[in-house]
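Architecture at a glance
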Amino acid sequence: MSWLLTLGSFVFKNMEKTWRWFGRKDNITLDMLRQIGVEGIVTALHDVPSGEVWTLEAITELKAYIESYGLRWSVVESLPVSESIKYGGANREQLLENYKISLANLGKAGIKTVVYNFMPVIDWIRTDLNYKLADGTSTLYFDKIRFAYFDCYILNREGAAADYSTDEMKQVNALNKTISEEEKAELINTIIVKTQGFVNDSFKGNVLKPVELFNQLLELYKGIDKNQLRANLKYFLESVIPTAEQYGVNLCVHPDDPPYPVLGLPRIVGNVDDIEWILNADKSPNNGFTFCAGSLSSGLHNDVPAMAQKFAKRTHFVHLRSTEVADNGNFMEASHLEGRGHLVELVRIFESENPGLPMRVDHGKLMLTDGDTKHNPGYSFLGRMFALAQVSGIMAAVDSKK
Ligand code: DNO
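Attention shifts here to the confidence of the model for the protein. Predicted coordinates in regions of low pLDDT should not be interpreted in detail. Of the residues in the protein, 97% have a pLDDT of 70 or more, and the chain-wide mean is 95. Every residue in residues 1-12 scores below 50 in pLDDT, and together they form 22 contacts with partners more than four places removed in sequence or on other chains.

Here we come to the environment of threonine 43. You can see threonine 43 is positioned in strand S4 (residues 40-43). For the pair threonine 43 and arginine 360, spaced 317 residues apart in the sequence, the C-alpha separation amounts to 12 Å. In this structure threonine 43 touches Trp21, Phe22, Gly23, Leu62, Ile66, Trp73, Val75, Val76 and Glu77, once residues within four positions along its chain are discounted.

What follows covers the state of the cysteines. In the structure shown here, the tally under the stated rule is 0 disulfides. Looking at cysteine 252, it has no disulfide partner, and the nearest cysteine sulfur is the one in cysteine 292, 12 Å off. Given the relative accessible area of 0%, cysteine 252 is considered buried.

Contacts to the ligand come from 13 residues, most closely from Glu77, Ser78, Asn117, His363 and Tyr379. One of the side-chain nitrogen or oxygen atoms of aspartate 123 is found 3.0 Å away from an oxygen atom of the ligand. Within the side chain of histidine 254, an N or O atom sits 3.5 Å from an oxygen atom of the ligand. For the ligand, whose free accessible area comes to 330 Å², the fraction covered by protein is 99%. Broken down by class, the residue content of the shell around the ligand amounts to 6 nonpolar, 4 polar and 3 charged.

So, on to the side chain of glutamate 16. Following the sequence through the fold, glutamate 16 ends up in strand S3 (residues 16-20). When its relative accessible area of 8% is taken as the criterion, glutamate 16 is described as buried. In this structure the side chain of glutamate 16 is engaged in a polar contact, spanning 2.7 Å, whose partner is the side chain of serine 74.

For the rest of this paragraph, the subject is the domain arrangement of the protein. Under the domain assignment, the protein is made up of domain 1 (3-124 + 224-400) and domain 2 (145-219). The gap between the C-alpha centroids of domain 1 and domain 2 is 26 Å. At the junction of the two partners, domain 1 supplies 17 residues and domain 2 supplies 20 residues. Buried surface at the junction of domain 1 and domain 2, both sides included, amounts to about 1,500 Å², of which 64% is carbon and sulfur. Sorting the residues of domain 1 by area buried against domain 2 places Val121, Trp124 and Leu263 first, and these three jointly supply 42% of that buried surface. Applying the counting criterion to the domain 1 and domain 2 interface returns 6 residue pairs in polar contact (both at pLDDT 80 or more). Classifying every residue of the side of domain 1 that touches domain 2 by side-chain character gives 10 nonpolar, 4 polar and 3 charged.

Between helix H10 (residues 272-281) and helix H12 (residues 304-311), the least distance of the axes is 11 Å, while the angle of their chain directions is 15°. In terms of orientation, H10 lies roughly parallel with respect to H12. Judged by the twist between their axes, the crossing of H10 over H12 is right-handed. Each of Val272, Ile275, Glu276 and Leu279 in H10 lies in contact with H12, whose residues at this interface are Met307, Lys310 and Phe311. Per-class residue counts for the contact of H10 with H12 are 5 nonpolar, no polar and 2 charged.

About the cut-offs
Residues numbered from 1 in each chain as written. Predicted model: local features only at pLDDT ≥ 70, side-chain atom pairs only at ≥ 80, totals over all residues. Heavy atoms only, no water. pLDDT = per-residue confidence, 0-100. Contact = heavy atoms within 4.5 Å. Helix = DSSP H or I, 4+ residues; strand = E, 2+ residues; numbered from the N terminus. Disulfide = S-S within 2.5 Å. Buried < 20%, exposed > 50% of the residue type's maximum accessible area, 1.4 Å probe, protein only. Near = heavy atom within 4 Å. Polar contact = N/O pair within 3.5 Å; in protein donor to acceptor, adjacent residues only side chain to side chain. Areas by Shrake-Rupley, 256 points an atom, 1.4 Å probe, with all protein chains shown as cover. Nonpolar A, V, L, I, M, F, W, Y, C, P; charged D, E, K, R; others polar. Domains from an automatic or database assignment. Buried area = accessible area lost by both parts, 1.4 Å probe. Axes fitted to C-alpha atoms, helices over the stretch in contact; angles between N-to-C directions. Parallel < 35°, antiparallel > 145°, perpendicular 65-115°, else oblique. Left-handed = near helix turned anticlockwise from the far one by under 90°.

The structure is reproduced here in structure tokens:
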């Protein structure tokens, strides 16, 4: 349990150890989580299609199930924002109404932290889900050239080549000469099906023609530039924040992963200016940020501890994860003790600037028997358990210095 330590007039409250759990279908059970020191659960009503109302009954039923294991439902990740809200489609008003009802129901049930993202078409992006490391474990990897190949030769996006340097295009063209049909299929499967399938409603279920579907979604964003996407996010906030305030719910936008524009699509949650803009677009404390150290650290432009210091007070939820980034932009998940995330520093900052925030580890490696169990990419059991133990150690060391 999170505990309060009173020292003179200071009251410290540790970060709450939470874990992303994908509901009753998750092979990692609540019983397992209770045994490894998890305190709070991060989950969603994964069976409700994006845009539909989360009823109070369904919310309270899942909450009671979680509580029957001595755990609590601490955070919703995510209450998805439908594409039509992001590009400003005809049914946007109805979707916003539904969103408000779901928020109100969550507030009534006592679930007060709600994550969403505002990434058009595609959520997090990786090109390899099984990148082997020297120690025998494997991790997630983003290879810029393979991604550019996907853009230029698989999606065949008009004008795509102009988004890459001459040298990058040389490598992309060379890859085109050597890549096998099998590798191509695996790349499509990785970028569209496996990474999106469990977090992005557009690609849930059995997607028969992923590339065609992907291109249709890209079409919806023709003419939507950064300013228009920002305007649509502001419109979303103006519509839903009053409800969040009324029911005491803290909404917190997740950064873009990776934190820069891709595939000709704008991305607007990737750097200090973006986050400042969002937090100023509606100054309500209920309009907050999910500090995903992993996503932020994968952009070389971001100084992650400086951002934590700057945005700690408006942060409602923290993802503790780190990455290593090469000069050419390729990146992979780092150990939770290393890399550009600087998690020791972050724990120090958040525990002093905004005590008691929920945090979860993210994107564990594949290690030991992880490969034998079916789980969502990045959400292994042993890899994440190992990371949670490391982060718990960091927290204990930071707390002992208070
Ligand atoms: C991937 C996740 C994201 C995140 C959403 C939040 O592993 O970090 O899918 O949950 O973008 O809405």
